[in-house]
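Secondary and tertiary structure notes
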Amino acid sequence: MEKKCVMANDHGAVELAGKLRKHLEDLGYSVTYLGTDNPDVSVDYPRQAEKAVEEYRRGGYDFGVLLCGTGIGISIAANKFHGIRCALCQDTYTATMTKKHNNANFIAFGGRVEYKEDPLKILDAYLSSEFEGGRHQRRINEITEIERHC
Ligand code: RB5
């Protein structure tokens, strides 16, 4: 079955968002792209995170990709939504481990960040890894419990 993802970014990551989007489409993913594709007009990253999460919650999505200048603001915003585990990964190691251990359902990148590894490879590492379950599921359940009371 076709894998689906939702993607959104602010003005600080238009170029990298375009590269990641093309890469995903080349790999056969269906990408619902929510913009922005204009680097010259400011858009607020919390709004972009909210749009992407709302779309993701409609269902049928495997994961989401979010970008802003650093990746920090948009991942903070996404992680405010219950059930969203958005990982800001700096390399292939963290991208692999966040799927294996955190079962991250969103991955974030910074369009103004100089990555030591190609961001396409970082995304590939996330895509090709599997959640390990077991004690890691218990820890995710603990996060869900925190969401219930705060
Ligand atoms: C926008 O200038 C910038 O603050 C934003 O893209 C992001 O880096 C915030 O975390």
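Quick caveat: nothing in here was measured; it's all calculated off a predicted structure. (Residues numbered from 1 in each chain as written. Predicted model: local features only at pLDDT ≥ 70, side-chain atom pairs only at ≥ 80, totals over all residues. Heavy atoms only, no water.)

**Some words on the site of the ligand**
- Within the structure, the ligand sits among D10, H11, Y45, C68, G69, T70, G73 and R112.
- Here an oxygen atom of the ligand sits 3.0 Å away from a polar atom, N or O, in the main chain of T70.
- Within the backbone of G73, an N or O atom sits 2.9 Å from an oxygen atom of the ligand.
- Contact with the protein chains covers 69% of the free accessible surface of the ligand, which is 290 Å².
- Along the lines of polarity and charge, the residues of the shell around the ligand split into two nonpolar, four polar and two charged. (Near = heavy atom within 4 Å. Polar contact = N/O pair within 3.5 Å; in protein donor to acceptor, adjacent residues only side chain to side chain. Areas by Shrake-Rupley, 256 points an atom, 1.4 Å probe, with all protein chains shown as cover. Nonpolar A, V, L, I, M, F, W, Y, C, P; charged D, E, K, R; others polar.)

**A short note on unusual backbone geometry**
- In the segment running from G35 into T36, the intervening peptide bond is cis, with an omega of 10°.
- The backbone of N103 sits at a positive phi, close to 45°, despite the residue not being glycine.
- Relative to the elements of secondary structure, N103 occurs in the loop between α4 (92-102) and β5 (106-110).
- For N103, a relative accessible area of 25% puts it in the partly exposed group. (Helix = DSSP H or I, 4+ residues; strand = E, 2+ residues; numbered from the N terminus. Buried < 20%, exposed > 50% of the residue type's maximum accessible area, 1.4 Å probe, protein only.)

**Notes on the side chain of N105**
- Residue placement: N105 occurs in the loop between α4 and β5.
- Side-chain polar atoms of N105 contact the backbone oxygen of G83, separated by 2.8 Å.
- Polar contacts involving the side chain of N105 include one to the main-chain amide nitrogen of R85, which spans 2.8 Å.
- The residues touching N105, leaving out its near neighbours within four places in the chain, are Y56, F63, G64, G83, I84, R85 and Y126. (Contact = heavy atoms within 4.5 Å.)

**Structural notes on the packing of aromatic side chains**
- A full pass over the atoms with the stated rule returns four aromatic pairs.
- Measuring from centroid to centroid gives 5.7 Å for F63 and Y126, while their planes differ by 75°, and the two rings are edge-to-face. Taken together, the residues F63 in strand β3 (residues 63-68) and Y126 in helix α5 (residues 119-127) connect sequence positions 63 residues apart.
- Here Y126 falls in the buried class, since its relative accessible area comes to 1%.
- Taken together, the aromatic side chains of Y29, F63 and Y126 make up a single cluster linked through ring pairs.
- Positioned over the ring face of Y61 is K4, at 4.5 Å from the centre of the ring.
- The aromatic ring of Y126 is capped on one face by K99, whose charged end is 4.4 Å from the ring centroid. (Phe/Tyr/Trp six-rings, centres within 6.5 Å; stacked < 30°, edge-to-face > 60°. Lys NZ or Arg CZ within 6 Å of the ring centre and 35° of its normal.)

**Quick word on the sheet that holds β5**
- Reading across the sheet, the five strands line up as β2-β1-β3-β5-β4 and stay open at both edges, with parallel pairing between neighbours. Edge positions in the open sheet fall to β2 (30-33) and β4 (86-88), since each of these has one partner strand only. The average undirected angle you get between the axes of adjacent strands in this sheet is 25°.
- The pairing of β3 with β5 spans five bridges and is classified as parallel. The residue of β5 that forms the bridge with L67 is F109. (Pairing = 2+ DSSP bridges. Axes fitted to C-alpha atoms, helices over the stretch in contact; angles between N-to-C directions.)

**Quick word on the UniProt feature "binding site: D-ribulose 5-phosphate" (unreviewed entry) in the protein**
- UniProt annotation of "binding site: D-ribulose 5-phosphate" (unreviewed entry) refers to D10, H11, G69, T70, G71, I72, G73, N102, R112, R135 and R139 when read in the numbering used here. In three dimensions, the annotated residues from a span of 130 residues occupy distinct locations, with a maximal C-alpha spread of 38.8 Å.
- Examined against the element boundaries, G69 turns out to sit in the loop between β3 and α3 (72-78).
- Among all residues touching G69, those that are not within four sequence positions of it are D10, G12, G110, G111, R112 and V113. (UniProt positions renumbered as here; feature names shortened; annotations may be inferred.)

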